[in-house]
Amino acid sequence: MKRIAVFCGSSSGRDPIYVNEAKNLGKLLAAKGIGLVYGGAVVGCMGAVAEGVMAGGGEVIGVMPKKLANIELAHHGLTELHIVETMHERKAMMAELSDAFIALPGGAGTLEEWFEVFTWAQIGYHQKPCSLLNVNGYYTPFIALFDHMIDQGFVQKEQKHLIIIENEAKTLLKRLINK
Ligand code: AMP
């Protein structure tokens, strides 16, 4: 496990636990010698996870579309910052550089990015593990929706086994490393 892509909010969320846990995940990644691939922003939980890795002396690769570099403010202290033309290029590059995916709490952008890699795993385009870090129970309603989708016959039960869900960053990383 060389690098993990983390998708998370460009916002900080209402409770400080979101930013704190993002930072904590970053520190753990650095401690385990796993590089971070993320959206490259300095704001919100995105900025916090990068700060955590950098505080631990780890590798951080940011990938940001040109148009967003001014809005979300590109982080300039990273190991590498790639400014790409489009959102599609960003997602492709992030997926290519990573060996696994984690979604921390975030908004529609986070879900969109995570769902893309998850649906690709579902149809066998890649075998990289897709996971959710359920900080503060944030993803519990989403997990309930997923169960409802299975219950109503739109998602196969086996597909839920493709999602690794944990409440603690430490436990989650252990599972991803052992995959
Ligand atoms: P959010 O979770 O909405 O705060 O967004 C987190 C990250 O996802 C930010 O870097 C957004 O720029 C990015 N994002 C927003 N919309 C999309 C989209 N349609 N496709 C890919 N990434 C997106």
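Preceding block: the structure.
The residue count restarts for each chain, going from 1 along the sequence in the order it is written. Residue-level local features of this predicted model are given only where pLDDT is at least 70; pairs of side-chain atoms are given and counted only at 80 or more, and the full residue set underlies all totals for whole chains, interfaces and linings. Remark: hydrogens and water are excluded; side-chain values derive from all non-hydrogen atoms of the structure.

**Looking at the site of the ligand**
Okay, so step 1: The environment of the ligand is made up of 16 residues, and the closest members are Ser-10, Glu-72, Gly-107, Thr-110 and Glu-112.
Okay, so step 2: For the ligand, an oxygen atom lies 3.2 Å from a polar atom in the side chain of Arg-90.
Okay, so step 3: In this structure, Gly-107 approaches the ligand through a main-chain N or O atom, which is 2.7 Å from an oxygen atom.
Okay, so step 4: Expressed as a share of its isolated accessible area of 490 Å², the protein-covered part of the ligand is 78%.
Okay, so step 5: Each helix corresponds to a stretch of at least 4 residues labelled H or I by DSSP, and each strand to a stretch of at least 2 residues labelled E; elements are numbered beginning at the N terminus. Looking at the shell around the ligand, the elements that each hand over two or more residues are helix H4 (87-97) and helix H5 (108-122).
Okay, so step 6: It is H5 that contributes the most residues to the shell around the ligand, 5 residues altogether. If even one non-hydrogen atom of a residue comes within 4 Å of a molecule or strand, that residue is called near it. Any pair of N or O atoms that falls within 3.5 Å is considered a polar contact. Within protein, one atom must be able to donate a hydrogen and the other to accept it, and sequence-neighbouring residues count only if both atoms are side-chain atoms. Each accessible area value is a Shrake-Rupley result obtained with a 1.4 Å probe; residue values ignore everything except the protein chains displayed when judging cover.

**Here we look at the pattern of salt bridges**
Okay, so step 1: Salt bridges are defined as contacts in which a side-chain nitrogen from Lys or Arg sits within 4 Å of a carboxyl oxygen from Asp or Glu. What the rule picks out here adds up to 7 salt bridges.
Okay, so step 2: Here Glu-59 makes a salt bridge to Arg-3, at a shortest N to O gap of 3.0 Å. Residue Glu-59 is found in the loop between helix H2 (44-55) and strand E3 (60-65), and its partner Arg-3 is found in strand E1 (residues 3-7); the two are separated by 56 residues along the sequence.
Okay, so step 3: The partly exposed category is assigned to Glu-59, whose relative accessible area is 26%.
Okay, so step 4: The partner of Arg-175 in a salt bridge is Glu-166, with the nearest N and O atoms 2.8 Å apart.
Okay, so step 5: Residue classification places Glu-166 among the buried residues on the basis of a relative accessible area of 18%.
Okay, so step 6: Because the salt bridges share partners, they merge into one network encompassing Lys-91, Glu-112 and Glu-116. Burial classification: accessible surface area is computed with a 1.4 Å probe over protein chains only, and a residue below 20% of its type maximum counts as buried, one above 50% as exposed, and the rest as partly exposed.

Purely spatial values, then, with no claim about function.
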